[in-house]
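Residue strings, one per chain:
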Amino acid sequence: MDRYIGVFDSGLGGLTNVKELHRLLPGENIVYFGDTGRVPYGSRSNDTIIKYTFQDIRFLKSFPLKAIIIACGTVSSIALDVVRKTEPDLPIIGVVEPSVKKAISLTKNGKIGVIGTEGTIRSGAYGDMVLKEAGNYRVFEKSCPLFVPLVENGYIESEATRIIVRDYLTPLKTSGIDTLILGCTHYPLLTDVIREVMGDEVSLISPGVETAAWAKSYLEEEGLLNTSGKVGETEYYVSDGADKFARLAENFLGSPIYEDVKKIDIESW
């Protein structure tokens, strides 16, 4: 069997990345782990996030892997450099760089907004990379800690969600940004509500979409694509609530999960 692309996130959000991988790389085998028992990561300390990240990666490495995608803005912002040092022979792709590159290519006025979890915004990873790539641009950041639990519990377009989105994003709208990085893979599920607040003139950057495209380019360059011509398989694992995960996954994937979702004890890793 061809090796897997491992994908992990703190919950369901990374499925937005899996959806795009299915579209771009239908022949690839994928193993997905959602740490649903410890979601969200964004409010945790850096040490805890790094600990969780190593456990997640150790589990994924129980499969034969060709690459890992960290489909989590918080982990990509805080732990990516650390885990790359300990896994020099395993390609590990985060969501920050692909999203920043896309935002820089789209902005016309050099004002880029970033929304994310508390941990992501605290790290400054998105803003630092924007300024490294384009030092004359301005970055406006806002943590939106309620977005993940809203999405995880299926409150995608409720009136309560609209009120919270408006409260969080009005300052960014006022700042005049023309590009907004949705710095958490959960946030694209709120795209319609976010667009209501920000307006059609603001480009929204989905990390799942950009990172999947980045991964495809990397695998092509390294000659790692599955060329068997067969449709790849996807396996799903969680740390809690397998039934709930399977039920809500359709919101992220655009189609139901027909495979069994398996629960594992992530603390044992």
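Before any of the text, the structure's been laid out above.
Residues numbered from 1 in each chain as written. Predicted model: local features only at pLDDT ≥ 70, side-chain atom pairs only at ≥ 80, totals over all residues. Heavy atoms only, no water.

(A) Spotlight on the side chain of Thr 179. Here Thr 179 lies in strand E7 (residues 179–182). Within the structure, the side chain of Thr 179 is placed 3.0 Å from the side chain of Asp 178, a separation counted as a polar contact. The residues touching Thr 179, leaving out its near neighbours within four places in the chain, are Ala 103, Leu 106, Thr 107, Lys 111, Ile 112, Gly 113, Val 202, Ser 203 and Ile 205. (Helix = DSSP H or I, 4+ residues; strand = E, 2+ residues; numbered from the N terminus. Polar contact = N/O pair within 3.5 Å; in protein donor to acceptor, adjacent residues only side chain to side chain. Contact = heavy atoms within 4.5 Å.)

(B) Structural context of the sheet that holds strand E6 (residues 138–143). Spatially, the 4 strands line up as an open sheet ordered E6-E5-E7-E8, and their pairing is parallel. Taken across any chain shown, the strands that pair with only one partner, and hence form the sheet edges, are E6 and strand E8 (203–205). Direction aside, the axes of adjacent strands within the sheet are offset by 20° on average. Judged from the 4 bridges that link them, strand E5 (residues 111–116) and E7 form a sheet pairing that is parallel. The partner of Gly 113 across the bridge, within E7, is Leu 180. This element, helix H9 (residues 159–175), spans E5, E6 and E7 of the sheet and lies at about 170° to E6. (Pairing = 2+ DSSP bridges. Axes fitted to C-alpha atoms, helices over the stretch in contact; angles between N-to-C directions.)

(C) Geometry of the nonpolar core. Among the nonpolar cores identified, the biggest contains 51 residues, and Leu 15, Ile 115, Leu 169, Leu 180 and Ile 194 are the most heavily contacted of them. With 6 residues, the top contributor of residues to this core is helix H12 (residues 242–253). Each residue touching Leu 15, except ones within four places of it in the same chain, is listed here: Tyr 32, Tyr 236, Phe 245, Ala 249, Phe 252 and Leu 253. Counting 26 residues, the second largest nonpolar core, distinct from the first, contains Phe 33, Phe 59, Leu 80 and Leu 90. (Core = buried A, V, L, I, M, F, W, Y, C linked by side-chain atoms within 4.5 Å. Buried < 20%, exposed > 50% of the residue type's maximum accessible area, 1.4 Å probe, protein only.)

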